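Survey of secondary and tertiary structure
What follows is each chain in one-letter form.
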Amino acid sequence: NDAVVIGESGTGPDSQYQVISGLTATLTPGSGWTSGGKYIRQYNINVNNTTGQRVKGWRVYVTNWNSATHTVEAMWNATYISESAVLKMTNGSQLENNATFSFGGQIGMPSPSWTPIFEVRGKV
């Protein structure tokens, strides 16, 4: 297993987390800069629950991740697991209906043209 676990990963295996209609996330890119030979961009991330019910847990998956060329430089209000081909972010909390959870991070990438492809999954 080549996963790097930072902090608490949230509970349960990935199979318990599914795409749920009304559970969405937005990754808003902020400023970026070059440091140590790579490009670093800050993201603000909002997870929104309009499912009509409480979501017991959620994870945001970045599916075009490559741990050989991409790094998490910082993250706040959430924890993450960086695997070879996916980045998983969560804070292990429940999310009430009509609630939004906000967190952020700084991602190191090979070039400023990289854009994360992501999906959010939850368990109810």
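Residues numbered from 1 in each chain as written. Predicted model: local features only at pLDDT ≥ 70, side-chain atom pairs only at ≥ 80, totals over all residues. Heavy atoms only, no water.

Here we look at the overall build of the protein
The number of helices and strands found in the protein is zero helices and nine strands. Sequence-ordered secondary structure for the protein, helices as α and strands as β, is β-β-β-β-β-β-β-β-β. Here the C-alpha radius of gyration of the protein, 14 Å, is about what a compact globule of 124 residues would show, namely 14 Å. Taken along the three principal axes of its C-alpha coordinates, the protein extends 45 × 30 × 20 Å. A buried classification covers 41% of the 124 residues belonging to the protein. The long-range share in the protein, meaning contacts at least 24 apart out of those at least 6 apart in sequence, stands at 77%. A total accessible area of about 6,200 Å² is found for the protein, and carbon and sulfur atoms account for 49% of it. (Helix = DSSP H or I, 4+ residues; strand = E, 2+ residues; numbered from the N terminus. Rg over C-alpha atoms; globule rule 2.2 N^0.38 Å. Buried < 20%, exposed > 50% of the residue type's maximum accessible area, 1.4 Å probe, protein only. Contact = heavy atoms within 4.5 Å. Areas by Shrake-Rupley, 256 points an atom, 1.4 Å probe, with all protein chains shown as cover.)

Digging into unusual backbone geometry
One non-glycine residue with positive phi stands out, namely Asn77, at about 65 degrees. In this fold, Asn77 is placed in the loop between strand S5 (71–76) and strand S6 (79–82).

Concerning the pattern of salt bridges
In this structure the tally under the stated criterion is six salt bridges. Of the charged contacts, one joins Arg59 and Asp14 as a salt bridge, the two residues approaching to 2.7 Å between their closest N and O atoms. Taken as a pair, Arg59 in strand S4 (residues 57–62) and Asp14 in the loop between strand S1 (4–6) and strand S2 (23–35) lie far apart in primary sequence, 45 residues in all. Since its relative accessible area comes to 6%, Arg59 is described here as buried. (Salt bridge = Lys/Arg side-chain N within 4 Å of Asp/Glu carboxyl O.)

A closer look at the nonpolar core
Counting 26 residues, the largest nonpolar core has Val47, Trp58, Val60, Leu87, Met89, Phe103 and Ile107 as its most contacted members. For this core, the secondary-structure elements that each account for two or more residues are S2, strand S3 (38–49), S4, S5, strand S7 (87–90) and strand S8 (100–109). Not counting residues within four places of it along the chain, the set of residues in contact with Ile107 comprises Tyr39, Ile40, Arg41, Tyr43, Trp65, Thr71, Val72, Glu73, Leu87 and Trp114. (Core = buried A, V, L, I, M, F, W, Y, C linked by side-chain atoms within 4.5 Å.)

Section: empty space enclosed by the protein
Overall, the coordinates contain two cavities of 30 Å³ or more when judged by the stated rule. Forming the walls of the largest cavity are Leu27, Tyr43, Ile45, Val62, Met75, Leu87, Met89, Gly105, Ile107, Trp114 and Pro116. Counting residues per element, the ones that place at least two in the lining of the largest cavity are S3, S7 and S8. Class assignment for the residues of the lining of the largest cavity results in 10 nonpolar, one polar and no charged. (1 Å grid on protein atoms, 1.4 Å probe; cavity = no way out; pocket = protein on both sides within 12 Å on 5 of 7 lines; lining within 4 Å. Points joined across faces, edges and corners; volume = space filled by probe spheres on them. Nonpolar A, V, L, I, M, F, W, Y, C, P; charged D, E, K, R; others polar.)

Examining the environment of Ser35
Position of Ser35 relative to the elements: it lies in strand S2. In the structure, Ser35 is positioned 73 residues away from Gly108 in sequence and 8.8 Å away in space, judged by C-alpha atoms.

Considering the pairing of S2
One ladder, built from 11 bridges, connects S2 with S3; its direction is antiparallel. Bridge pairing in S3 links Leu23 to Asn49. Adjacent in sequence and paired antiparallel, S2 and S3 are bridged by two residues, among which Gly36 carries a positive phi angle near 60 degrees. (Pairing = 2+ DSSP bridges.)

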